[in-house]
Amino acid sequence: MADKVEAGDGLVGGTGLSDASAAPVGGVPWRTRRARVAVSAVFFITGAAFAAWASRVPAVQERLGLSEGELAVALVGLSAGACLGLPLVGGLVARYGSRPVLFAGMAVYLASLSGLAFVPGLPALTVTLALLACGNTAVDVAMNTQGVIVERAYERAILGGFHAMFSLGGITGAVAGSVAASAGVGVGPHFVVTSVVLCGATAVAATALLPDPPRDRAKKSEPLFALPGAGLWIPGLVAFCALMGEGVMNDWGAVYLHGVTGASPGAAGAGFAVFSAGMVAGRLAADRIRARTGTVRFTLGCALVAAAGAVTAIAVPTTGAGFAGYALIGLGMAAVIPVIFSHAAGLRPDRPGPAIAAVSAVGYVGFLAGPPVIGGLAEATDLRTAMLVLPALMAAMALLAMRLRRR
């Protein structure tokens, strides 16, 4: 029973929503159902946009003539953008609400995606990736806050399903990128068309988002800088490991298949789609499995599955083994973040947005630090050796999972 209670942390009560908005599933009002569809769409859009970049990293690298070390330098721009944006995002969401932050972040995010196709060299690429990271982190914190608000209105776990939509968007974006690469479509037309289409979809979805829970007016002067408080550091470090691994897969997964296993550019892009497919499958099943196992055992199992996939892809450097390993990595990493975000929100039921933002601030440092770390190690050794970081991260995540605070 303790694990069952843990699985539903924070889903009922402390939301600040009206009774109508928090009705049981059988009587969920139309506005809340529309909000669920809208939040699902935002997750899908965010995943599709990032997959467009991830699937064409080799093309951008080739167009600019960058070595692996130079690409790693450019990817530092992602880390720099996160370092500038992440500490502020939680405070902005707490002070102004998730909807305005989501709108502004998405505008920066999609504009930066288009800009990546036209950068003239390494410095401009680095700056544009920094802007992409700022927009992405703002959208991520805001859309997860919206997800928790809708989850609480439904009074059952549905955050994993939202993250499944992110992965489904990743599959769609990766397949589109693979097709574009195979057809010889340049990154310019690909990124611009993708940004315009996703911008229009965001404008439609934005009309159905829910307002944030009302806050104590006395707290409106709280500092914008958000760091984890008591009980949130361990979830933050779990998120760090999971998102560092995901960042490595996003930015180096296709490069690894192309450079180490000899996969064609189209097949390398398809590898990211396989990884995303594993993410979708894991996230669709996450809410039901977590209800039976609890957060600790669920997260431990995720780490073991992802570690097995990483070892497979590294030990057998072939395209087929890479695809199999990527599927397992995706399956294992799939639901760690939605589960940890839901767990963190349950520890702070009166302030879910700042709790998610604080955990994200730690986690997304890993997401953005991972790719340049891999690049630096690859420059010093080789890419196959550098990817050993993945199983090491999963081992650390397993140890941390056993220290998560239970409610």
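Residues numbered from 1 in each chain as written. Predicted model: local features only at pLDDT ≥ 70, side-chain atom pairs only at ≥ 80, totals over all residues. Heavy atoms only, no water.

(A) Inspection of the overall build of the chain at higher detail. For the chain, the helix and strand inventory stands at 15 helices and zero strands. When the 407 residues of the chain are sorted by exposure, 59% land in the buried category. Considering only intrachain contacts with a sequence separation of at least 6, the fraction spanning at least 24 residues in the chain is 86%. Put simply, the chain shows about 14500 Å² of open surface, and 69% of that area lies on carbon and sulfur atoms. (Helix = DSSP H or I, 4+ residues; strand = E, 2+ residues; numbered from the N terminus. Buried < 20%, exposed > 50% of the residue type's maximum accessible area, 1.4 Å probe, protein only. Contact = heavy atoms within 4.5 Å. Areas by Shrake-Rupley, 256 points an atom, 1.4 Å probe, with all protein chains shown as cover.)

(B) Fine view of the confidence of the model for the chain. Summary statistics for the chain give a mean pLDDT of 82 and a share of 87% for residues scoring 70 or more. No element of the chain has a lower mean pLDDT than helix α1 (residues 2-7), which averages 37, and none a higher one than helix α15 (residues 389-401), which averages 94. Predicted confidence is poor over residues 1-25, with pLDDT under 50, and the contacts of this stretch with residues over four places away or in other chains come to 53 contacts. (pLDDT = per-residue confidence, 0-100.)

(C) Focus on the environment of Gly121. With respect to the helices and strands, Gly121 occurs in the loop between α5 (98-115) and α6 (122-154). The buried category is assigned to Gly121, whose relative accessible area is 15%. Counting along the chain gives 57 residues from Gly121 to Leu64, while the straight-line C-alpha distance between them is 6.2 Å.

(D) Highlighting a nonpolar patch on the surface. A surface patch of nonpolar side chains, amounting to about 240 Å² of accessible area, comprises Val108, Val127 and Leu131. Counting through the fold element by element, Leu131 comes out in helix α6. (Patch = residues over 30% accessible without salt bridge, like charges linked within 9 Å, V, L, I, M, F, W, Y side chains within 5 Å. Salt bridge = Lys/Arg side-chain N within 4 Å of Asp/Glu carboxyl O.)

(E) Region of interest: the packing of aromatic side chains. As enumerated under the stated definition, the model contains one aromatic pair in all. Over the ring of Tyr154 we find Arg36; its NZ or CZ atom is 4.8 Å from the centre of that ring. (Phe/Tyr/Trp six-rings, centres within 6.5 Å; stacked < 30°, edge-to-face > 60°. Lys NZ or Arg CZ within 6 Å of the ring centre and 35° of its normal.)

(F) Main features of the packing of helix α10 (residues 265-315) against helix α12 (residues 336-347). One can describe the packing of α10 onto α12 by two numbers: an axis separation of 10 Å at closest approach and a directional angle of 120°. Between α10 and α12, the angle falls in the class oblique. Here α10 and α12 pass one another in a crossing that is left-handed. Residue-level inspection shows Arg290, Thr295, Phe298, Thr299 and Cys302 of α10 in contact with α12, the latter providing Val336, Val339, Ser342 and His343. Of the residues belonging to the contact of α10 with α12, the class tally is four nonpolar, four polar and one charged. (Axes fitted to C-alpha atoms, helices over the stretch in contact; angles between N-to-C directions. Parallel < 35°, antiparallel > 145°, perpendicular 65-115°, else oblique. Left-handed = near helix turned anticlockwise from the far one by under 90°. Nonpolar A, V, L, I, M, F, W, Y, C, P; charged D, E, K, R; others polar.)

(G) A look at the packing of helix α7 (residues 159-182) against α10. Closest axis-to-axis distance for the α7/α10 pair is 8 Å, and the angle between their directions is 165°. It follows that α7 is roughly antiparallel to α10 by the angle criterion. Crossing handedness for the pair α7 and α10: left-handed. Its residues assigned to classes, the contact of α7 with α10 shows 14 nonpolar, 10 polar and two charged.

(H) Spatial organisation of empty space enclosed by the protein. Under the defined criterion, the tally for this structure stands at four cavities of 30 Å³ or more. Looking at the lining of the largest cavity, the elements that each hand over two or more residues are α2 (30-55), α6, α7, α9 (233-259) and α13 (352-380). Classifying every residue of the lining of the largest cavity gives nine nonpolar, three polar and three charged. Size it by volume and the second largest cavity reaches roughly 100 Å³. If you go around the second largest cavity, the residues you meet are Gly47, Phe50, Ala51, Phe166, Ser167, Gly170, Glu246, Asn250, Phe272, Phe275, Ser276 and Met279. Looking at the lining of the second largest cavity, the elements that each hand over two or more residues are α2, α7, α9 and α10. (1 Å grid on protein atoms, 1.4 Å probe; cavity = no way out; pocket = protein on both sides within 12 Å on 5 of 7 lines; lining within 4 Å. Points joined across faces, edges and corners; volume = space filled by probe spheres on them.)

(I) Quick peek at the side chain of Asp251. Considering the arrangement of structural elements, one finds Asp251 in helix α9. As a buried residue without a salt bridge, Asp251 has its nearest oppositely charged side chain in Arg56, at a separation of 13 Å. Of note is the side chain of Asp251, whose polar atom sits 3.0 Å from the side chain of Trp53. Excluding its chain neighbours within four sequence positions, the residues that come into contact with Asp251 are Phe50, Trp53, Val57, Leu75, Leu78 and Pro371. (Lys, Arg positive; Asp, Glu negative; His and termini not counted. Polar contact = N/O pair within 3.5 Å; in protein donor to acceptor, adjacent residues only side chain to side chain.)

(J) Layout of the environment of Glu246. On the secondary structure map, Glu246 appears in helix α9. Glu246 gets classed as buried once you look at its relative accessible area, which sits at 7%. Distance from Glu246 to Phe275, taken between C-alpha atoms, is 9.8 Å for residues 29 residues apart in sequence. When near neighbours in sequence (up to four residues on either side) are disregarded, Glu246 contacts Phe166, Phe275, Met279, Arg283, Met333 and Phe367.

(K) Molecular detail of α12. Compared with the 16 Å implied by 1.5 Å per residue over 12 residues, the 16 Å span of α12 between its first and last C-alpha is a close match. Counted residue by residue, α12 has 12 buried out of 12 residues, so it is predominantly covered. (Expected span 1.5 Å × (residues − 1).)

(L) Looking closely at the nonpolar core. Ranked by size, the top nonpolar core spans 124 residues in total, and within it Trp53, Leu125, Leu129 and Met387 carry the most contacts. A per-element tally of this core places α10 first, with 15 residues. Those residues in contact with Leu129, other than ones at most four positions away along the chain, are Trp53, Ala74, Leu75, Gly77, Leu78 and Leu116. (Core = buried A, V, L, I, M, F, W, Y, C linked by side-chain atoms within 4.5 Å.)

(M) Region of the structure containing α7. Counted at 1.5 Å a residue, the expected span for α7 with its 24 residues is 34 Å, and the 35 Å between its end C-alpha atoms agrees. Just downstream of α7 lies Gly184, where phi reads positive at about 75°.

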